[in-house]
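Topology and contacts: notes
As a plain string of letters, each chain reads:
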Amino acid sequence: MAARLKKLARLFALYARMDAQWFAQDTALCLVCVLSETLSSIASVTAVFLLAVRFGGVGSMNQDEVLFMLGFYTLSTGLYNLFFNGNNTGEISRRIGRGQLDHCLIQPLPLWVQLLTEGFLPISGCQGALCGAIITAVAAGRLRLAVTLPSLLLFLLFLLASVGVQVGMRYVASLSAFTHPVGSEEISSVMGNFLTSIGYYPLGGLPHWAQGLLVTVLPAGCLSWLPSMLLLGKSPFSGAMALYPLVAVLVCGAGALSFKKGLKVYEKYGSQRYKAMGHRS
Amino acid sequence: MKNMARSDTRQWDTAVELHGVCKTFRQKQTGDGLPRNLLHPVYSEIRALDRVNLTIYRGEFVAYAGPNGAGKSTTFKLLCGMLGADSGTVRTCGLDPLRRRIPLMRQTGVLLGSRTELWWDHPVISSFKWKKEVWDIDEKTYARQLDLAVDMLDLGPFLHTFARELSLGQRMRADLGMMLLHDPQLILLDEPTLGLDVLAKRRMIDFLKSLHREQGRTILVTSHDLDDLTEMAQRIVMLAQGRIAFDGSLPELRAVAGSARHVTVDCPACPALPGCTHLKSEQGRHTFSFNPAMLPVGDLLAAISRLPDVRDVQLSDAPIEGVIADLYRSWKA
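Re the sheet that holds strand β5 (residues 108–112) of chain B
All names here are of chain B. Read across the sheet, six strands follow the order β5-β6-β7-β3-β8-β9 without closing on themselves; strand pairing throughout is mixed. Strand pairing shows two members of the sheet lacking a second neighbour, β5 and β9 (243–248), which therefore form its edges. Across this sheet, the average inter-strand angle for adjacent strands is 15°, counted without regard to direction. Bridge count between strand β3 (residues 61–65) and strand β7 (residues 218–222): four bridges; the pairing is parallel. If you follow Y64 over to β7, its bridge partner there is T222. Together, β3, β5, β6 (186–190), β7 and β8 (235–240) form the strand contacts of helix α3 (residues 72–80), whose direction differs from that of β6 by roughly 145°.

Here it is, written out as structure tokens:
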């Protein structure tokens, strides 16, 4: 166990160094990327915040609570980008659909270790997480939230759950890339777009059945709305505090099982299709 | 993890062992009309490998050849653990590639000619350092293998160049150098000379030969260029329609294919040579094939000496490409 953790730490450090090298080698390009990502992170949530300001809140949340939720969303999607945006480890259907898993299979590492570490971009991919942390901190200050160790741990647990839902759902969708590599090459990004385009809306105004749907089967509400409501002490329905981590665990488990099942297909049929682009660009 | 992997790196005498290996793929066929495609899709079965038995011992240099679709790449993928066999046994370095992929990859070097393992947006040396970390290569081995690769493959001039800026020949050399960094005992090369110019190809062949001769590495190589394969390898294994159609040395291959020889006569008009088959005439050089068993060389030369205006005569073996093309045609018939 200790050896495995040490190896993971060394691999994270390796990919951090490689990301830093990219920054050093092409600083101007990297700065432009960082700036545009920062603007994009802020712009994506601005519309909802402006609506909240204009109407004094949205869906049973006041404007500061909406800001807290948007901060949580930006932080969660930012962490996803920080850990899974590099080398298509999150958009895994691209690697499957392009026949690029072969590159992983010739490395003497378990696949989960490769997929957990290869996407780490601490320099070029940290803007979203930084913006999210700042927005969340500002919102927490305006709401005068008491920061205690248990609340901080709960916050971190919910962040982990939110990132887990994003990764897990992408991996569930990517199962089809094993059987239909051409048609499903982009399926994980389609799933990602679905989650992120709904994930920053306060869902309080929706009927209960729609809320239920969006925190279970299509868990876009698990990205920020449900955890923010729980952290703000406004549980939208009874049992939500237990349901949220459970959904996250189930989604992650389904993602892992889907990938494992897909690997069995890969083992049987392999991939007759190979695209050189995009694996390590 | 590291300790576990190290303990799996044990000695083996048989590098590759395939016993009764079958592998069949299904291909969906597009039929007439949408309803039929949706409700009753038609599949055809392609038997990529059909009861293949093959043993390669430590220290052998084996060429694995065959026409397109013969099953070469499928065999490679089975040996690397990228595919599972439908039936039969596959062992690489004494290990089951599917179940023991990680220890296997510590002692095996794989180069897929059409793909690169280099990091595209990084200098070549960064990819090498990446490999050192991922493969847990110790400093001593890394320094020794890096020196070897830089020296023999002449990587020095582009070691700090971005992989995306390399020519194809440079990229292949860099990939080969990277493949060697963990000092693999078994080397699997799929089309390593693909797309290389004459000079780059020569360098690659010389390198592989010296790697085998001086370091005793076990090498299994595929290529479409049969002249390259026959120059490199001691043993040639040929696949046809998923089965091993030939397994032996180059002289044995020539014997199987028939001992046809060529004679080229340099004279103004194309002569008639009884017992010979005219192949081509170019700028006063006329090439014929003949079978020495049917037409002794002495008789042939006597017949040529009686021809008027003969300026030169040249005898040669039939090119191996032609020999093998004839074999492929006979297997398909």
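Quick notes on the packing of helix α6 (residues 139–153) of chain B against helix α8 (residues 198–215) of chain B
All names here are of chain B. At a minimum axis separation of 10 Å, α6 and α8 run at an interaxial angle of 135°. Taken together, the axis directions place α6 and α8 in an arrangement best described as oblique. Here the hand of the crossing between α6 and α8 comes out right-handed. Contacts between α6 and α8 involve L148, M152 and L153 from the former and R203, F207, S210, L211 and Q215 from the latter. In terms of residue class, the contact of α6 with α8 is built from five nonpolar, two polar and one charged.

Digging into the interface of chain A and chain B
Listed as interface residues are 35 residues of chain A and, on the opposing side, 34 residues of chain B. Interface area, chain A with chain B, both sides summed: about 3400 Å², of which 56% is carbon and sulfur. Counting the contacts that link chain A with chain B gives six salt bridges. Taken together, the links from chain A to chain B amount to 15 residue pairs in polar contact (both at pLDDT 80 or more). Elements with a contribution of two residues or more to the side of chain A that touches chain B: α1 (2–25), α5 (101–105), α6 (111–117) and α13 (240–269) of chain A. Residues belonging to the side of chain A that touches chain B are distributed by class as follows: 16 nonpolar, 11 polar and eight charged.

Here's the deal with helix α2 (residues 27–55) of chain A
All names here are of chain A. The terminal C-alpha atoms of α2 lie 42 Å apart, and with 29 residues this matches the ideal 42 Å at 1.5 Å per residue to within 8%. Of all the bends found along α2, the most pronounced is centred on T46 and spans about 40°. The complete set of buried residues in α2 reads C30, S41, V45, V48 and A52. The inward-facing, buried residues of α2 contact α1, α3 (63–84) and α7 (127–143).

A short note on the side chain of D183 of chain B
Residues and elements named next belong to chain B. Relative to the assigned elements, D183 resides in the loop between α7 (168–180) and β6. Overall, the relative accessible area of 16% leaves D183 in the buried class. Among the polar contacts made by the side chain of D183, one reaches the side chain of R217 at a distance of 2.6 Å. Not counting the four nearest positions on each side in its chain, D183 is found in contact with T141, R144, Q145, Q215 and R217.

Some remarks on the sheet that holds strand β1 (residues 14–29) of chain B
All names here are of chain B. Pairing is antiparallel in the open sheet, where three strands are placed in the order β2-β1-β4. Edge positions in the sheet fall to β2 (42–57) and β4 (87–92), since each of these pairs with one other strand and no more. Taken over all neighbouring pairs, the strand axes of this sheet differ in orientation by 30° on average, direction set aside. As paired strands, β1 and β2 are joined by 12 bridges and run antiparallel to one another. Each bridged residue has a counterpart across the sheet, and for E17 the counterpart in β2 is T55. Sitting on the sheet, α3 touches β1, β2 and β4, and the angle it makes with β1 is about 120°.

So, the pattern of salt bridges
All names here are of chain B. Counting across every chain of the model gives 33 salt bridges over all chains. Between E60 and R235 there is a salt bridge whose closest N-O contact spans 2.9 Å. One end of the pair, E60, is in the loop between β2 and β3; the other, R235, is in strand β8, with 175 residues separating them in the sequence. With a relative accessible area of 13%, R235 lands in the buried category. With its nearest N and O atoms 2.9 Å apart, the salt bridge here joins R235 to D247.

Definitions and cut-offs
- Residues numbered from 1 in each chain as written.
- Chains lettered and ligands numbered in written order.
- Predicted model: local features only at pLDDT ≥ 70, side-chain atom pairs only at ≥ 80, totals over all residues.
- Heavy atoms only, no water.
- Pairing = 2+ DSSP bridges.
- Helix = DSSP H or I, 4+ residues; strand = E, 2+ residues; numbered from the N terminus.
- Axes fitted to C-alpha atoms, helices over the stretch in contact; angles between N-to-C directions.
- Contact = heavy atoms within 4.5 Å.
- Parallel < 35°, antiparallel > 145°, perpendicular 65-115°, else oblique.
- Left-handed = near helix turned anticlockwise from the far one by under 90°.
- Nonpolar A, V, L, I, M, F, W, Y, C, P; charged D, E, K, R; others polar.
- Buried area = accessible area lost by both parts, 1.4 Å probe.
- Salt bridge = Lys/Arg side-chain N within 4 Å of Asp/Glu carboxyl O.
- Polar contact = N/O pair within 3.5 Å; in protein donor to acceptor, adjacent residues only side chain to side chain.
- Expected span 1.5 Å × (residues − 1).
- Bend = angle between axes of the 7 residues up to and from the residue.
- Buried < 20%, exposed > 50% of the residue type's maximum accessible area, 1.4 Å probe, protein only.

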